[in-house]
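Structure assessment
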Amino acid sequence: MQDLDITPKMATVLKVFLEDLDQPRYGFELMKLTGMASGSLYPMLAKFEAAGWLTRGKEDIDPRAAGRPPRTHYTITGAAASSARIQLAELSERYRPPALGRLRPQGGTA
Amino acid sequence: VSAFLWTALGVLGSFGLAAIGDMMSEEVRDRLDHLPQAILRLAAMRVNEMERAILYEEVWLPDLAYFLRGDEARPVTRLYHGVRFALGILAASKRISCTLSSASGRTPPKQLTRLNLRPKLRNEIQQRLQVNAASALSVRAWSSGSGKIQRRVIITLDDDRRFQMTPGRFESMILEEEERA
């Protein structure tokens, strides 16, 4: 598995995969859940797949009964899930706003 | 008589125009309905040949079909969603291709070209692919891939029809064939 520099957009997609590791995700579903357009999402999926973070599979349907061809789904690998968790935590830390100074009561005497 | 004739002609003419209008709108609707697929085909042309069939037939087209299945009754919404989806893919197709190519480039793909098949193997492939007799099948690309990228064997028949197979069984068939040769 290749290391990837996770951008906030990539983090949004990874978060969906981390919600349920065994749940295969489809392109259309990811577009809906992340609010991303196809032009952003599909290159990202290709990047994850090329880096070995996602594996591709085929939807188990009867194309004649469904009236459409089976879609491709993606599942996150175990190693990628661990790496994603660490990187998401780092990213969250990076974007966390600095803590406010200690609050003191104005004019208080206590 | 003349006024009656003109009225009748007018009524017939309006019916005729309405029919032609209907036919034209049906034609336009049908053509517009295929616009997203046409854009996806264009996007596929911009993709490396090795990934073209997989991306177009297994990823983009099924997703488009699923994407539009709920919009059947609303042609304008269907067109809007379909075109938007396909244009996004078109704009990103080069990037997708480069990403996948660079990944598979880490282990160079084996190229097997123009394979003359022995009858047993040919029959087996024909049976698997459910195609009629072909004197020879050429294996255009053997995408060995790397990491988690699935390997695919793309088989082109003499009449230019193309089929893809996962390598598992095909690989062993080829090995058996090579050993026999």
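Above: the structure in question.
Here the structure is a predicted model, which means the values were calculated and not measured.

When helices and strands are counted, chain B shows six helices and three strands. Of the regular secondary structure in chain B, the N- to C-terminal order runs α-α-α-α-α-β-β-β-α. Scored against the burial criterion, the 181 residues of chain B give a buried share of 38%. Taking the intrachain contacts of chain B between residues at least 6 apart in sequence as the baseline, contacts between residues at least 24 apart amount to 55%.

The subject of this paragraph is the overall build of chain A. Of the regular secondary structure elements, chain A holds five helices and three strands. Traced from its N-terminal end to its C-terminal end, chain A shows the element sequence α-β-α-α-β-α-β-α. Looking at chain A as a whole, 46% of its 110 residues are labelled buried. Within chain A, contacts between residues separated by at least 24 positions form 57% of all contacts whose residues are at least 6 apart in sequence. When the accessible surface of chain A is split by element, carbon and sulfur atoms take 51% of a total near 6600 Å².

All names here are of chain A. Strand S3 (residues 72-76) sits mainly inside the fold: five of its five residues count as buried. As judged from the two bridges shared by strand S1 (residues 25-26) and S3, these two strands associate in the antiparallel manner. Residue Tyr26 lies in a different strand from S3, and its bridge partner there is His73. In the sheet, strand S2 (residues 54-58) pairs with S3 via five bridges, with the strands oriented antiparallel. Looking across to S3, one finds that Gly57 is bridged to His73.

With that out of the way, let us pick up the packing of helix H1 (residues 8-19) of chain A against helix H3 (residues 38-50) of chain A. All names here are of chain A. Their axes nearest at 11 Å, the elements H1 and H3 cross at an angle of 70°. Relative to H3, H1 is oriented roughly perpendicular. Note on element contacts: H3 touches H1 through Ser40, Leu41, Met44, Leu45, Lys47 and Phe48, opposite Lys9, Met10, Val13, Leu14 and Phe17. Tallied by class, residues from the contact of H1 with H3 come to eight nonpolar, one polar and two charged.

With that out of the way, let us pick up the sheet that holds S1(A). Sheets are built from strands that pair by backbone hydrogen bonding, the pairs being arranged parallel or antiparallel. Read across the open sheet, the three strands follow the order S1-S3-S2 (chain A); overall the sheet is antiparallel. Both edges of this open sheet fall to S1 and S2 of chain A, since each of them pairs with a single strand only.

Within the largest apolar cluster, 50 residues are counted, with the highest numbers of intra-cluster contacts made by A:Ile6, A:Tyr42, A:Phe48, A:Trp53 and B:Trp60. Every element with two or more residues in this core is listed here: H1, helix H2 (27-34), H3, S3 and helix H5 (78-95) of chain A together with helix H2 (35-45), helix H3 (49-68) and helix H4 (75-104) of chain B. Filtering out sequence-adjacent residues up to four positions away, A:Phe48 remains in contact with A:Leu4, A:Ile6, A:Met10, A:Val13, A:Leu14, A:Trp53 and A:Leu54.

Counted by the stated rule, this structure contains six salt bridges over all chains. In this structure, A:Glu59 engages A:Arg71 in a salt bridge whose closest nitrogen and oxygen atoms are separated by 3.1 Å. On the criterion of sequence distance, the pair formed by A:Glu59 in the loop between S2 and helix H4 (63-66) and A:Arg71 in the loop between H4 and S3 is long-range, its members being twelve residues apart. Comparing A:Glu59 with A:Arg71 shows no difference in burial state: the two are buried. Measuring nitrogen to oxygen at the nearest pair gives 2.9 Å for the salt bridge that ties B:Glu27 to B:Arg31.

Bringing the interface of chain B and chain A into the picture now. The interface is formed by 25 residues belonging to chain B together with 24 residues belonging to chain A. With both chains or domains summed, chain B and chain A bury close to 2100 Å², and 66% of this area falls on carbon and sulfur atoms. Counting across the chain B and chain A interface gives zero salt bridges. Across the contact surface, chain B and chain A share four residue pairs in polar contact (both at pLDDT 80 or more). Listing elements by their share of the side of chain B that touches chain A, those giving two or more residues are H3 and H4 of chain B. A breakdown of the residues in the side of chain B that touches chain A according to their chemical character gives 15 nonpolar, three polar and seven charged.

What follows deals with the environment of A:Ala11. Residue and element names in this part refer to chain A. Among the structural elements, Ala11 can be located in helix H1. Of the residues examined, Ala11 reaches a relative accessible area of 10% and is grouped as buried. Spatially, the C-alpha atoms of Ala11 and Ala84 are 8.1 Å apart, while their sequence positions differ by 73 residues. The residues contacting Ala11, other than those within four sequence positions of it, are Ile6, Leu88 and Leu91.

Cut-offs used in this document
Residues numbered from 1 in each chain as written. Chains lettered and ligands numbered in written order. Predicted model: local features only at pLDDT ≥ 70, side-chain atom pairs only at ≥ 80, totals over all residues. Heavy atoms only, no water. Helix = DSSP H or I, 4+ residues; strand = E, 2+ residues; numbered from the N terminus. Buried < 20%, exposed > 50% of the residue type's maximum accessible area, 1.4 Å probe, protein only. Contact = heavy atoms within 4.5 Å. Areas by Shrake-Rupley, 256 points an atom, 1.4 Å probe, with all protein chains shown as cover. Pairing = 2+ DSSP bridges. Axes fitted to C-alpha atoms, helices over the stretch in contact; angles between N-to-C directions. Parallel < 35°, antiparallel > 145°, perpendicular 65-115°, else oblique. Nonpolar A, V, L, I, M, F, W, Y, C, P; charged D, E, K, R; others polar. Core = buried A, V, L, I, M, F, W, Y, C linked by side-chain atoms within 4.5 Å. Salt bridge = Lys/Arg side-chain N within 4 Å of Asp/Glu carboxyl O. Buried area = accessible area lost by both parts, 1.4 Å probe. Polar contact = N/O pair within 3.5 Å; in protein donor to acceptor, adjacent residues only side chain to side chain.

Don't take any of this as a statement about function, it's just geometry.
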